[in-house]
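Coordinate inspection notes
Spelled out from the first residue to the last, the chains are:
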Amino acid sequence: MDGCISRVKVTALIDNTTHYEGPILAENGISLLVEVEGRNLKSRILFDTGLTGRSLINNSDVLGVNLNKLDAIVISHNHYDHTGGLLEVLKRIDKPLPVIMHPDIFKPKYAILPSLGIKKLTYTGPSFKREDLERNGGLMVPSRSPVSIVEGVTTTGEIERVTEFERVEGFYVVENGMFREDPLLDDQALVIEMCDGGIVILAGCGHSGVVNTVLHSLKITGMNCVNALIGGFHLIDASDLKIEKTISELKKIKLKMIAPMHCTGFRAKKKISEAFPERFKEIYCGGFIEVRAEGF
């Protein structure tokens with residue numbers, strides 16, 4: 001392939017935690033700068049935008065990231081800690097920019113999650129409307145199916161749910177005048193195919209289930225190896241049994257690197273680090289991970 005991707009660099013512009021020795025601001029949420037390089041190919045993609053936009057802009061400036069050089073923005077799902085900084089980013093960019101998201105992104109969505117301190121019905125969606133996005137130069141690309149951004153880089157679209165233990169609970173949506181449980185079909189990941197036949201998977205929150213996310217990514221790319229799995233796995237309030245089942249299923253997959261962030265939670269991170277001691281990587285706000293294709 002002319003656009004064969006040999007290098008992927010993922011920089012954490014936003015995460016819940018920072019270990020960076022400098023003026024980096026952490027906040028609840030996630031935003032990853034994804035830089036891909038290969039033969040005749042170089043592209044920069046922003047995956048999610050954190051909670052407020054203030055930290056994202058600050059951290060981009062501190063790290064020397066020129067947001068005007070982005071080729072696209074991908075939003076993993078509609079929650080405020082993933083969409084909150086979008087308008088601030090678009091205001092920094094002096095060109096129209098594709099913003100890839102699920103068509104349900106602006107539906108009225110809510111949550112009741114007592115285990116996370118959300119004890120009352122709480123709005124979880126963006127703080128802006130579609131017209132605000134478009135007014136600031138965002139070219140909305142609403143799609144339920146995978147969207148190809150550059151050769152070898154695609155969104156997953158809606159993720160197939162095949163595991164019995166990765167159920168979505170505590171989320172609700174108002175649709176056609178009805179209040180009902182929300183399966184969060186808008187949850188999607190970013191997948192990068194590399195020259196050595198492996199893939200890099202970026203998950204925002206992994207509400208579909210991190211195992212479902214990996215299996216779906218392998219299915220749509222036709223690959224059988226995961227060079228890196230990076231992002232939020234939403235195990236922060238999971239039972240020990242669910243965490244153990246998640247790890248057990250991940251062990252069945254050819255997985256070279258795993259870097260849990262954001263909503264994964266300390267308990268799950270610890271168990272994952274113990275299960276994958278040689279493959280576990282830490283990445284916090286201000287840090288980065290570089291993945292190189294084997295043999296390239």
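Preceding block: the structure.
Residues numbered from 1 in each chain as written. Predicted model: local features only at pLDDT ≥ 70, side-chain atom pairs only at ≥ 80, totals over all residues. Heavy atoms only, no water.

Some remarks on the sheet that holds strand 12 (residues 178-181)
An order of 7-6-11-12 is seen for the four strands of this open sheet, with the pairing classed as antiparallel. Looking at which strands have only one partner, the edges of the open sheet turn out to be strand 7 (118-123) and strand 12. Sheet twist, expressed as the average angle between the axes of neighbouring strands with direction ignored, equals 20°. Where strand 6 (residues 109-113) lies against strand 11 (residues 171-175), three bridges are found, and the strand directions are antiparallel. (Pairing = 2+ DSSP bridges. Helix = DSSP H or I, 4+ residues; strand = E, 2+ residues; numbered from the N terminus. Axes fitted to C-alpha atoms, helices over the stretch in contact; angles between N-to-C directions.)

With respect to the pattern of salt bridges
Pairs may arise between side chains of opposite charge once their charged atoms sit close together. All told, the structure shown has 22 salt bridges when counted by the stated rule. The salt bridge involving arginine 7 is made with glutamate 37; its shortest N-O contact spans 3.0 Å. Taken as a pair, arginine 7 in strand 1 (residues 5-14) and glutamate 37 in strand 2 (residues 31-38) lie far apart in primary sequence, 30 residues in all. On the accessibility criterion, arginine 7 (14% relative accessible area) is buried. Put simply, glutamate 160 and lysine 219 hold a salt bridge, and the shortest N to O gap is 2.9 Å. Taken together, the residues glutamate 160 in the loop between strand 10 (153-155) and strand 11 and lysine 219 in helix 5 (residues 210-221) connect sequence positions 59 residues apart. Take lysine 219: its relative accessible area is 58%, and that puts it in the exposed class. Where salt bridges share partners, they join Asp104, Lys107, Arg144, Glu158, Glu175 and Arg180 into one cluster. (Salt bridge = Lys/Arg side-chain N within 4 Å of Asp/Glu carboxyl O. Buried < 20%, exposed > 50% of the residue type's maximum accessible area, 1.4 Å probe, protein only.)

What about helix 5?
Helix length check: helix 5, at 12 residues, gives a terminal C-alpha distance of 17 Å against a target of 16 Å (1.5 Å per residue), a fit within 8%. For helix 5, a buried count of nine out of 12 residues is recorded, marking the element as mostly surrounded by other parts of the structure. For helix 5, the complete set of buried residues consists of Val210, Val211, Asn212, Thr213, Val214, His216, Ser217, Leu218 and Thr221. Of the surrounding secondary structure, the elements contacted by the buried residues of helix 5 are strand 13 (189-193), strand 14 (198-203), strand 15 (225-232) and helix 6 (240-250). Looking one or two residues beyond helix 5, the residue adopting positive phi is glycine 222, at roughly 75°. (Expected span 1.5 Å × (residues − 1). Contact = heavy atoms within 4.5 Å.)

Everything listed here is a matter of coordinates, which is why it stays silent on function.
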